[in-house]
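# Tertiary structure, described
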Amino acid sequence: MKEHYKGLGHIAIYTADMEQSIAFYENIGGSVFKRDGRQTPDGEKKLARVEFGGFLPELLEPPAGTLGRSVDGRSVPLP
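Each chain has its residues counted from 1, running along the sequence as written. Given that this is a predicted model, residues contribute local features only at a pLDDT of at least 70 and side-chain atom pairs are listed and counted only at 80 or more, while totals for whole chains, interfaces and linings are drawn from all residues. Hydrogens and water molecules were not included; the side-chain quantities draw on all heavy atoms of the structure.

### Side note on the packing of aromatic side chains
- Centres within 6.5 Å are what make two rings of Phe, Tyr or Trp a pair, Trp counting through its six-membered ring; a difference in plane orientation under 30 degrees is then read as stacked, over 60 as edge-to-face, and the rest as tilted. Enumeration according to the criterion identifies 2 aromatic pairs in this entry.
- Relative to Y25, the ring of F24 lies with its centre 5.1 Å away and its plane at 80°, an arrangement referred to as edge-to-face.
- Accessibility here uses a 1.4 Å probe with only protein chains present; expressed as a share of the type maximum, an area under 20% marks a residue as buried, one over 50% as exposed, and anything in between as partly exposed. Owing to a relative accessible area of 46%, F24 belongs among the partly exposed residues under this scheme.
- On the basis of relative accessible area, Y25 is assigned to the buried category, the value being 13%.
- Ring geometry for Y25 versus F52: centroids 5.7 Å apart, planes at 70°, classification edge-to-face. Remark: F52 occurs in the loop between β3 (43-51) and β4 (58-61) and Y25 occurs in helix α1 (residues 18-27); sequence separation between them is 27 residues.
- A connected cluster of aromatic rings, assembled from ring pairs, spans F24, Y25 and F52. Numbering of helices and strands runs from the N terminus, with a helix taken as a DSSP run of H or I at least four residues long and a strand as a DSSP run of E at least two residues long.

### Some words on the side chain of T15
- Looking at where T15 falls in the secondary structure, it is placed in the loop between β1 (12-14) and α1.
- On the accessibility criterion, T15 (9% relative accessible area) is buried.
- Within polar-contact distance, the side chain of T15 engages the backbone nitrogen of D17 at 3.1 Å. The definition of a polar contact used here is a pair of N or O atoms within 3.5 Å, where within protein one atom must be able to donate a hydrogen and the other to accept one, and adjacent residues in sequence count solely through side-chain atom pairs.

### Some remarks on the environment of P62
- Within the secondary structure layout, P62 lies in the loop between β4 and β5 (68-71).
- On a C-alpha basis, the gap between P62 and T15 in space is 7.7 Å, while along the polypeptide they are 47 residues apart.

### Some details on a nonpolar patch on the surface
- Within this analysis, patches are made of residues with over 30% relative accessible area and no salt bridge. Like charges are joined at 9 Å or less; nonpolar side chains (Val, Leu, Ile, Met, Phe, Trp, Tyr) at 5 Å or less. Areas reported here follow the Shrake-Rupley algorithm with a probe of radius 1.4 Å; residue values treat only the protein chains shown as occluding. A side-chain nitrogen of Lys or Arg and a carboxyl oxygen of Asp or Glu constitute a salt bridge if their distance falls within 4 Å. A cluster of nonpolar side chains, L8, I11 and F55, forms an exposed patch at the surface whose accessible area comes to about 260 Å².
- Inspection of the secondary structure puts L8 in the segment before β1.
- Overall, the relative accessible area of 51% leaves L8 in the exposed class.

### What about the pattern of salt bridges?
- Applying the stated criterion to the full structure yields 2 salt bridges.
- Note that E19 is salt-bridged to R35, the shortest N-O span being 2.5 Å. A residue pair is termed long-range when its members are at least 10 positions apart, and E19 in helix α1 and R35 in strand β2 (residues 31-40) qualify at 16 residues.
- By relative accessible area, which is 44% here, R35 ends up partly exposed.
- Between R38 and D36 there is a salt bridge; the shortest N-O distance is 2.7 Å.
- Residue classification places D36 among the partly exposed residues on the basis of a relative accessible area of 34%.

So this is what it looks like as C-alpha cells:
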C-alpha cells in the first residue's frame, strides 16, 4: 500500500474573538507570526497566524454575527 500522508499542512481555527484567541496562544508559549484582514460583503474577516510548537495555526474571525453554531439542526448567530 502506497503511503499518501506526508504531514500536516494547514490548521484553520475559527474564533468569535480574535484578541482572546491570540492571548490564549501567547499564554501557552505561542507568538503572533502574521496578522491580516479581508473585507467581505458581510464585513471584515480577521486573520492571524500564531507560531506554536512548530506549527502555524491560522486563526479566522468571520465578520460579526456570521459565526454560528448548531441548535436543533439550525444555524444561529452567536451573541
